[in-house]
Amino acid sequence: MRRLVLLLLGLLLLHQGRCFEFVIDGEWEDEARDVLTSSEREDLEAIRGDDITVKSYKVESRITSRFAHTTVRSSVVNSGSSAQSIGFNVQIPKRAFITNFTMNVNGITFMGSVKEKTVARNLYAQARARGKAAGIVRANSLDMETFQTEVHVPPGSHIEFELHYQELMQRKFGFYEHSLYLQPRRLVPQFQVDVFIYEPKGISMVETPNTLGEQYTSLIKMTSSKDKAHITFKPNLQQQKKCANCTESGIDGPFTVRYDVNRDSNAGELQVSDGHFVQFFAPSNLSSLPKNIVFVIDVSGSMWGVKMKQTVEAMRAILSDLTIDDHFSIIDFNHNVRCWSEELVPGSSIQIADAKKYVENIKPNGGTNINEALMRAVQMLVRASNQGLINARSVSMIILVSDGDPTVGEIKLSAIQKNVKRVMREEFSLFSLGIGFDVDYDFLERIAMENRGMAQRIYANHDAAEQLRAFYSQVSSPLLRQITIQFPEDTVSDVTQNSFDKYFGGSEIVVAGKVLPSDSNTLTSFTTAAAASLDITLETDADISELDEELVKHQHSFTGFARQLWGYMTVKQLLSERALAPTAAKKRKITQQIMALAKEHQFVTPLTALLVESEDGTERLLADFPKDPKHGCCNGGGSDSSNLAPVRVVYAPPPWVQVATAATPSEAAKGPEEQAVPGRLALGTNFVDNDPHFIVHLRRSNAHVCFNIDSKPGHILNLVSDPGTGLVVNGQLIGSKKLKKGKLNTYFGIISAYYQPDGIRVNISPENIAMSDGVNHQTFTWGATADITQDGVRISIVKNSHVTIVINNNIQVMVLLHRVWKKHPISVDFLGIYIPNDNPYSPMVHGLIGQFHREPELSVYDVRDGADPLKKEATMEVKGNRLQVTRGWQKDYRRDNKLGTDVYCWFIHNSGKGFIDGHYTDYIVPSLNSFLQTH
């Protein structure tokens, strides 16, 4: 058999990029051509082209914890009668890194490896010098880049292509979207797409939008369980046809999968695998922060026509989205700078209508004075801030829309960048939107990244108005400011950016790092943030070995996801830092770090290349990272919510966490049950638990007195009503699922605390903890330990255990969570409430518990045997009443949430009659925020 001879024939221009033509020349014996089985040959005969036959086209994605590894495989035969070029084209997401490419041509295998770019080019050049070489090009499009290669082969040749790439899924608008652009170009007998998703916390939603066309919707099959999903698309030859009698493939477009994950708490999800961790943080059920926005719009002559029309259309929609709590203004600029309003104004209907008219009447002309426009925008925000016109907890941002380079005023890009950096305050963000390809996108990206924002290219040849609106939607709902994710000292290292200026609703913050060796099997993180009116600290923990054990069980999971995800994020972050490096030395240092990591994780980046070579190293192909149009600087920056420089310091837990979790030697001696008791609640406490049993501790008498309230589901009982301090605590009853021994048990299903001076309401149920000040509404789950502070109210949540409400640092209320088996035929989840009897109420305090702040005189005598030999009976004199009481016990669940601790007490019959003031029905109030009406 004759050996193949590989020759370089020349250069070929394809899709605005250069591509070497890889030539395989020679003659083949018959057995080399006959590479198909008989069954394959039958399929191929039906769709055999005169030139090229695609035997198979298979795409597989494995997504584990939002990190996707995609493989595209294609098998092609030169079915023509002469030698020809055969191409392999795959569109991949812009944020993805190619990790490998292999090719087999008639038994000759070409393997890929990532090398430093200059090394790869030198090796490639050596092959070219001997007349043996080929090339690969990646070209830009809207959201995708094209990986493309060609080989020139004799008739009968069989070529197999295989491309691998990886990417971290970005959450936008409340879901993750994974798109595979399918371009088989021909009918394929073996066509298959598989997407495997594994999310350890569970999948909340998965869908396949109709992106390929109506005719393919029914062919997409999906199976899913709690934490896994498999989506497959496997059309046969007839189903692939563009029409019934066509010989062309109708498949040409994105195959899209959307999904989101379960989030059992606002604290996020911490995962540990393969010695690495990743923290996902995407809280919801929080009120949006007010916005202060200055829109800076380029109205130079180049914006004339479609660009301006679509910008105006987008601005109309964006302005309609503003609320009365938002403040805004508009600056438009060409060679001059104009302000619609010199001051920020509220987003009232009148102001919005006027702003829309202003934008609609803009007539583009003249040059581009970006520097002065941005200076005026910053000055407007600074002035509003200095004058106290904007909410201290609001989010201030500048949104720049431009399609060209500066031509008037300061035109040196580095000078504009320094000017903006100098005047921008830490609390301001700049977002840059570049329309078309005339603009220097690198400059817009640098100036945004340096000022806590991000940049995005708007493609003028597409629906620019929709692109502008979509971008605004991503930043229109800021929920948190000043977010920091911290870890205890000596538990992690090499942490990616962990401090973020803002978090926008529907998105996600991701932090990754390495886990240091430890005796503990648990890793803990602490997230601090500022919400609309709250300061929040959230605690998340993860078992260090649990996830690895689970991954082994799932055949289609991506077992190395955590290590690759950390490498991916770190490289993206370093590329951003490199773009902003202040000195050449700093840039060189970062460059070395990027190259080392890219080679270790096999990522094709702007500084590395994929060298694809034959086994003997004499034939080589080179895959370079694409250049962005116009100026060509690498598009390597991340697009998290703030793009701040990384904070690599690992912090100790906040003080409140240390107090709550670190046991003193004396506490340790008491055992874990007693350690769970919050400080003052370990003292004399009045509480209500179970059905509902009231237990009142009378300190002077050194006695516990208990009684039951037998009321109806839905009734709201007042527990504490103190008009003097402005505090009211109420509990709403729920019933068991059905009668037990002819009686319907009742429990507290909601505990509400309302602090009137600050207008703050806290409603606690077995489902969640909701906090409201009448304007802002925030919801937290039981799924994470958290600390929330607003004005004079502080809420501390201990994961799946209890909530402590502290008012003005001295009044405490603790609510205990009781979970039951979900399928229990009778019982339901319910709450217990524990209130220290030394809370500093005013003399006006009352309620079923509050009234005992004034401890009544008590006398118990004539203790005797009762009908039950285990329960003594006695006579009690209290509040002028003589009551027959029984010695029994009730449960205190603070130390043992399941079994409880016996508390012996004198039981008052008839719903506490004679012990409480009046009748228990006097304490039924109309709403959860109602004070007790005194007569």
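Within any chain, residue numbers begin from 1 and follow the written order of that chain's sequence. Under the rules for a predicted model, residues below a pLDDT of 70 receive no local features and side-chain atom pairs below 80 are neither given nor counted, while totals for whole chains, interfaces and linings still include all residues. Water and hydrogen atoms were dropped before computing side-chain values, which therefore reflect all heavy atoms in the structure.

Trainee: Would you take a moment to explain the overall build of the protein for this structure?
Mentor: Counting secondary structure elements, the protein contains 18 helices and 52 strands. Relative accessibility thresholds used throughout: buried, under 20% of the residue-type maximum; exposed, over 50%; partly exposed, between the two (1.4 Å probe, protein chains only). Put simply, the protein has 935 residues, and 58% of those count as buried. Contacts are residue-level and defined by heavy atoms, with any inter-residue pair within 4.5 Å sufficient. Summarising the internal contacts of the protein: among those between residues at least 6 apart in sequence, 68% fall at separations of at least 24. In the structure as shown, the protein presents an accessible area of about 38,900 Å², 49% of it carried by carbon and sulfur atoms. Here a helix means four or more residues in a row that DSSP labels H or I, a strand means two or more in a row labelled E, and each is numbered from the N terminus. A 1.4 Å probe and the Shrake-Rupley method give the accessible areas. Residues count as covered only by the protein chains that appear here.

Trainee: Is there a simple way to think about unusual backbone geometry in this case?
Mentor: Note: most residues except glycine have negative phi, and most peptide bonds are trans. With a phi close to 65°, Asp490 is a non-glycine residue in the positive phi region. Secondary-structure assignment places Asp490 in the loop between strand E27 (478-486) and strand E28 (492-493). Overall, the relative accessible area of 60% leaves Asp490 in the exposed class. We note that Asp862 has phi near 55°; this positive angle belongs to a residue other than glycine. On the secondary structure map, Asp862 appears in strand E49 (residues 858-865).

Trainee: Could you clarify how one ought to interpret the packing of aromatic side chains in this entry?
Mentor: Any pair of aromatic rings gets described here by the distance separating the centres and the angle formed by the planes. To pair, rings of Phe, Tyr and Trp, with the six-membered ring standing in for Trp, must have centres within 6.5 Å; the planes then decide the type, stacked if under 30 degrees apart, edge-to-face if over 60, and tilted in the middle. Under the criterion given, the structure shown has 27 aromatic pairs. Among the aromatic residues, those joined into a cluster by ring pairs are Tyr57, Phe191, Tyr216, Phe233 and Phe255. Looking at Lys572, its charged tip hangs above the ring of Phe97, at a distance of 4.7 Å from the centre. Any Lys NZ or Arg CZ that is within 6 Å of a ring centre and within 35 degrees of that ring's normal is treated as a charge sitting over the ring. Just above the ring of Trp906 sits the side chain of Arg887; from NZ or CZ to the centre is 5.2 Å.

Trainee: Would you take a moment to explain the state of the cysteines for this structure?
Mentor: Simply put, the disulfide is a covalent bond whose two ends are the sulfur atoms of two cysteines. Criterion for a disulfide: a pair of cysteine sulfur atoms at a distance within 2.5 Å. The final tally for this structure, using the stated rule, is 2 disulfides. Counting only the cysteines that take part in disulfides, in the order they occur along the protein, gives the pairing 1-2, 3-4.

Trainee: Can you walk me through the pattern of salt bridges in this structure?
Mentor: Side-chain pairing between opposite charges can occur once the charged atoms of the two side chains come close. When a carboxyl oxygen of Asp or Glu is within 4 Å of a side-chain nitrogen of Lys or Arg, the pair counts as a salt bridge. This model, assessed by the stated rule, comprises 34 salt bridges. Put simply, Arg66 and Glu199 hold a salt bridge, and the shortest N to O gap is 2.9 Å. Within this pair, whereas Arg66 is found in the loop between strand E3 (52-64) and strand E4 (67-78), its partner Glu199 is found in the loop between strand E13 (190-198) and strand E14 (203-207), the two being separated by 133 residues in sequence. Comparing Arg66 with Glu199, the two get one shared label, buried.

Trainee: Which parts of the structure should I look at to understand the packing of helix H8 (residues 370-386) against helix H9 (residues 413-423)?
Mentor: For any two helices packed against each other, one specifies the inter-axial angle together with the distance between the axes. Whenever a helix is involved, its axis is fitted only over the stretch in contact; in every case the axis is a line through C-alpha atoms, and angles between N-to-C directions fall within 0 to 180 degrees. Relative to each other, H8 and H9 sit at 5°, their axes nearing to 10 Å. In terms of their interaxial angle, H8 and H9 are classed as roughly parallel. Counted together, Asn371, Leu374, Met375, Val378 and Val382 of H8 and Ile416, Asn419, Val420 and Val423 of H9 form the full contact between these two elements. Gly counts as polar in this scheme, as do all residues outside two lists: the nonpolar Ala, Val, Leu, Ile, Met, Phe, Trp, Tyr, Cys and Pro, and the charged Asp, Glu, Lys and Arg. Its residues assigned to classes, the contact of H8 with H9 shows 7 nonpolar, 2 polar and no charged. Small angles under 35 degrees read as roughly parallel and large ones over 145 as roughly antiparallel, with 65 to 115 read as roughly perpendicular and the rest as oblique.

Trainee: Would you mind going over the nonpolar core with me for this structure?
Mentor: One broad trend across soluble globular proteins is that nonpolar side chains are buried collectively. Judged by nonpolar contacts, the single largest core of 88 residues is most densely connected at Phe277, Leu480 and Phe915. Leave out the neighbours within four places in its chain, and Phe915 touches Val696, Leu698, Val705, Phe707, Gln851, Phe852, Val878, Lys879, Leu883 and Ile908. If you look at the next biggest cluster of nonpolar residues, it comprises 54 residues, including Val76, Phe161, Leu180 and Ile197. As used in this record, nonpolar core signifies buried Ala, Val, Leu, Ile, Met, Phe, Trp, Tyr and Cys residues forming a set joined through side-chain atoms within 4.5 Å.

Trainee: Which parts of the structure should I look at to understand the sheet that holds strand E12 (residues 175-182)?
Mentor: Two strands in a sheet stick together by hydrogen bonds in their backbones, pointing the same way (parallel) or opposite ways (antiparallel). Whether two strands pair depends on DSSP finding at least two bridges between them. On the basis of which strands lie adjacent, the open sheet formed by 4 strands has the order E11-E12-E17-E14 and antiparallel pairing. Looking at which strands have only one partner, the edges of the open sheet turn out to be strand E11 (171-172) and E14.

Trainee: How should I be thinking about the side chain of Asn451 in this particular structure?
Mentor: By the element assignment, Asn451 lies in the loop between helix H10 (441-449) and strand E26 (455-458). Polar contacts involving the side chain of Asn451 include one to the main-chain carbonyl oxygen of Ile447, which spans 2.7 Å. Discounting chain neighbours no more than four positions away, the residues touching Asn451 are Val420, Lys421, Met424, Phe428, Ser429 and Leu430. Pairing of N or O atoms within 3.5 Å defines a polar contact, subject to two protein rules: one partner must be a possible hydrogen donor and the other a possible acceptor, and residues neighboring in sequence count only if both atoms are side-chain atoms.

Trainee: Teacher, can you tell me more about H9 here?
Mentor: Turn by turn, an α-helix covers 3.6 residues, leaving residues three or four places apart pointing in a common direction. All buried positions along H9 are accounted for by Leu413, Ala415, Ile416, Gln417, Asn419 and Val420. Summarising the contacts, the buried residues of H9 are in contact with H8, strand E25 (428-435) and H10.

Trainee: Can you walk me through the side chain of Asp260 in this structure?
Mentor: Inspection of the secondary structure assignment puts Asp260 in strand E17 (residues 253-261). Given the relative accessible area of 8%, Asp260 is considered buried. Among the polar contacts made by the side chain of Asp260, one reaches the side chain of Arg263 at a distance of 3.0 Å. When neighbours within four sequence positions are excluded, Asp260 is seen to be in contact with Arg171, Gly174, Phe175, Tyr176, Ile203, Ser204 and Met205.

Trainee: Would you take a moment to explain the environment of Asp865 for this structure?
Mentor: Mapping Asp865 onto the fold places it in strand E49. As a C-alpha pair, Asp865 and Arg887 span 22 residues in sequence and 9.7 Å in three-dimensional space. In this structure the side chain of Asp865 is engaged in a polar contact, spanning 2.5 Å, whose partner is the side chain of Lys872.

Trainee: Please clarify how the pairing of E13 should be interpreted in this entry.
Mentor: Along a regular strand, successive side chains alternate from one face of the sheet to the other. Taking burial as the measure, the 9 residues of E13 include 7 buried ones, the bulk of the element. Bridging between E3 and E13 involves 9 bridges; their strand directions are parallel. Residue pairing across strands places Ser56 opposite Gln190, the latter belonging to E13. Two elements, E13 and strand E16 (residues 228-233), share 6 bridges in a ladder whose sense is antiparallel. For Asp194, the partnering residue across the bridge sits in E16 and is Thr232.

Trainee: Please clarify how the packing of helix H6 (residues 306-321) against helix H11 (residues 464-475) should be interpreted in this entry.
Mentor: Where H6 contacts H11, the axes come no closer than 8 Å and their chain directions differ by 30°. It follows that H6 is roughly parallel to H11 by the angle criterion. Along this stretch, H6 crosses H11, giving a crossing that reads as right-handed. Counting all contacts with H6, which are made through Gln310, Thr311, Glu313, Ala314, Ala317, Ile318 and Asp321, the residues of H11 involved are Ala464, Ala465, Leu468, Arg469 and Tyr472. A class-by-class count of the residues in the contact of H6 with H11 yields 7 nonpolar, 2 polar and 3 charged. Note: crossing handedness is left-handed where the near helix turns anticlockwise from the far helix by less than a right angle, and right-handed where it turns clockwise.

Trainee: How should I be thinking about the sheet that holds strand E30 (residues 509-515) in this particular structure?
Mentor: The 4 strands lie next to each other as E18-E19-E30-E28, forming an open sheet whose pairing is antiparallel. Strand pairing shows two members of the sheet lacking a second neighbour, strand E18 (269-273) and E28, which therefore form its edges. With 5 bridges joining them, E18 and strand E19 (residues 276-281) adopt antiparallel strand pairing. In the strand pairing of E19, Val272 is matched with Phe277. Contacts from helix H13 (residues 561-579) reach E18, E19 and E30, with the element oriented near 115° to E30.

Trainee: Please clarify how the environment of Ser752 should be interpreted in this entry.
Mentor: Assignment of secondary structure puts Ser752 in strand E40 (residues 746-755). If near-sequence neighbours (up to four positions away) are discounted, Ser752 is found in contact with Val728, Val729, Asn730, Val762, Asn763, Leu928 and Asn929. Side chain to side chain, Ser752 and Asn763 meet in a polar contact 2.9 Å long.

Trainee: Explanation requested: the environment of Gly404 in the structure shown.
Mentor: When you line up the elements, Gly404 lands in the loop between strand E24 (395-402) and H9. Along the backbone, Gly404 and Gly301 are 103 residues apart, and their C-alpha atoms lie at a distance of 9.8 Å.

Trainee: Can you walk me through the confidence of the model for the protein in this structure?
Mentor: One rule of thumb: low pLDDT means the predicted coordinates there are not for detailed reading. pLDDT measures how confident the predictor is about each residue, on a scale from 0 to 100. Averaged over every residue, the pLDDT of the protein is 84; residues scoring 70 or more account for 86%. Per-residue pLDDT stays below 50 along residues 1-37; that stretch engages in 84 contacts with residues further than four places along the chain or on separate chains.

Trainee: How should I be thinking about the pairing of strand E46 (residues 802-807) in this particular structure?
Mentor: Of all 6 residues in E46, 6 are buried; the element is thus mostly enclosed. Here E46 shows a buried face lined by His802, Thr804 and Val806 and a second buried face lined by Val803, Ile805 and Ile807. Across 6 bridges, strand E45 (residues 793-798) lies against E46 in antiparallel orientation. Residue Ile797 lies in a different strand from E46, and its bridge partner there is Val803. Between E45 and the antiparallel strand that follows it, E46, lie 3 residues; Asn800 among them carries a positive phi value of about 50°.

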